Amino acid sequence: MAKFSVLTSLAFLLIFAFVHGSSAKHDAAIGIYDLKKGNISLKLTNYGAHVVSVFVPDKYGKIADVILGYDSINEYKNDTSNFGATVGRVANRIAGAQFTLNGTRYKLVPNEGKNMLHGGPKGFSKVIWKVEKHEPEGHAPYIDFTYKSYDGEEGFPGEVHVIVRYQLLERNRLSIIMKAKALNKATPVNLANHAYWNLGGHNSGDILAEEIQIFGSHYTPVDSKLIPTGKIESVKGTPYDFLNPTTIGSKIQKLPNGYDMNYALDASGSKKLKKAAIVHDKKSGRVMKLYTNQPGLQFYTSNTLTQKGKGGFVYKPHAALCLETQGYPDAVNHPNFPSQIVAPGKSYKHYMLIRFTTS
């Protein structure tokens, strides 16, 4: 009986650590962490600095989880869709999984054919982050995840110290701040949050009836492998024109699969926060307004998705949309794109502000 009691106690402690989160002193443990302010709440994990759930009210006051995800950490470990993940060291695609910097050719680890996507097969979304600070409730609840990326990780040069802060603010706002400091070598850095949004609720079906406005009058065309050609073209006269609020499904049939395109945001030369996009789900009344200081926005409509998620619900193509504020894809191989290179001792700063309202 004593042996059984010890084993039972140990199992309980492991379960408790998983459910309630680990302390900053045990940064190798994986936990689930909560943030709550008013009628908005989040669940997050230090595995990949993922957002697990975002609960917000609709126009009737009904609360629903509006991002896709899983019920267990193991499912996140096996995930290939990056549900809610922090992706990097360089988000999006790098052609040929290589680039030249200061005369040195760096060969990276490809994970999408010959190209690299979202930092490689073990990017930032597949590592355990340290929980530096966590204030689950109060005036401005927040959590800080930190990670030290080593020199040569997935082929990238130099050590980089990264911090991601999720914070709930007044007026139903979610702030996401990503910072990275290059410690000893120049290196590209382009982090992104890869949440899959469905304002009707994660299990409500597709997002084709949702209305979107994207504040980008230009986009970066891609080839058949989704690698930018290097051109920056106007959205006018194309299915990519969302300068005025338009339902997602109204033009999606004009594309082979759906949307997976980077927009050059207007006023992208400004370092201040600017409007990137507004999404409105008329049935629930939920509205999401996205602001950023980054030059680009990847609009993706989960085109090939077929995955069992939370509560056993099966997510199908167009079950959600991603709005990834970012630098332009493959910028390391296109000198005309805004640079992603961070010099030694310098810092990368990426700000996102999301406001939830109803209409």
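Quick caveat, the model's predicted, so the values are computed rather than measured. (Residues numbered from 1 in each chain as written. Predicted model: local features only at pLDDT ≥ 70, side-chain atom pairs only at ≥ 80, totals over all residues. Heavy atoms only, no water.)

Novice: How would you summarise the overall build of the protein if you had to cite specific residues and measurements?
Specialist: A tally of regular secondary structure across the protein gives 2 helices and 28 strands. Taken over C-alpha atoms, the radius of gyration comes to 20 Å for the protein, in line with the 21 Å a tight globule of 359 residues would show. Within the span of the protein, comprising 359 residues, buried residues form 54% of the whole. Considering only contacts in the protein between residues 6 or more positions apart, those separated by 24 or more positions represent 64%. (Helix = DSSP H or I, 4+ residues; strand = E, 2+ residues; numbered from the N terminus. Rg over C-alpha atoms; globule rule 2.2 N^0.38 Å. Buried < 20%, exposed > 50% of the residue type's maximum accessible area, 1.4 Å probe, protein only. Contact = heavy atoms within 4.5 Å.)

Novice: Lay out the sheet that holds strand β1 (residues 32-37) with the relevant residues and their values.
Specialist: In a beta sheet, neighbouring strands are held together by backbone hydrogen bonds and run either parallel or antiparallel to one another. Here we have 4 strands laid out as an open sheet, ordered β1-β2-β3-β4, and antiparallel in their pairing. Of all the strands in the sheet, just β1 and β4 (63-65) have a single pairing partner and so form its edges. Across the sheet, the mean angle separating the axes of adjacent strands is 15° when strand polarity is ignored. For strand β2 (residues 40-45) and strand β3 (residues 50-57), the ladder comprises 5 bridges, and the chain directions are antiparallel. By the bridge assignment for β3, L42 is matched with V54. (Pairing = 2+ DSSP bridges. Axes fitted to C-alpha atoms, helices over the stretch in contact; angles between N-to-C directions.)

Novice: Could you give me a rundown of the environment of A264, with the residues and numbers involved?
Specialist: Among the structural elements, A264 can be located in strand β20 (residues 260-264). Residue A264 is classed as buried on the basis of its relative accessible area of 8%. Taking the C-alpha atoms as reference points, A264 and G296, separated by 32 residues in sequence, lie 4.9 Å from one another. Beyond its immediate stretch of four places on either side in the chain, A264 contacts G216, S217, H218, Y219, I232, P295 and Y328.

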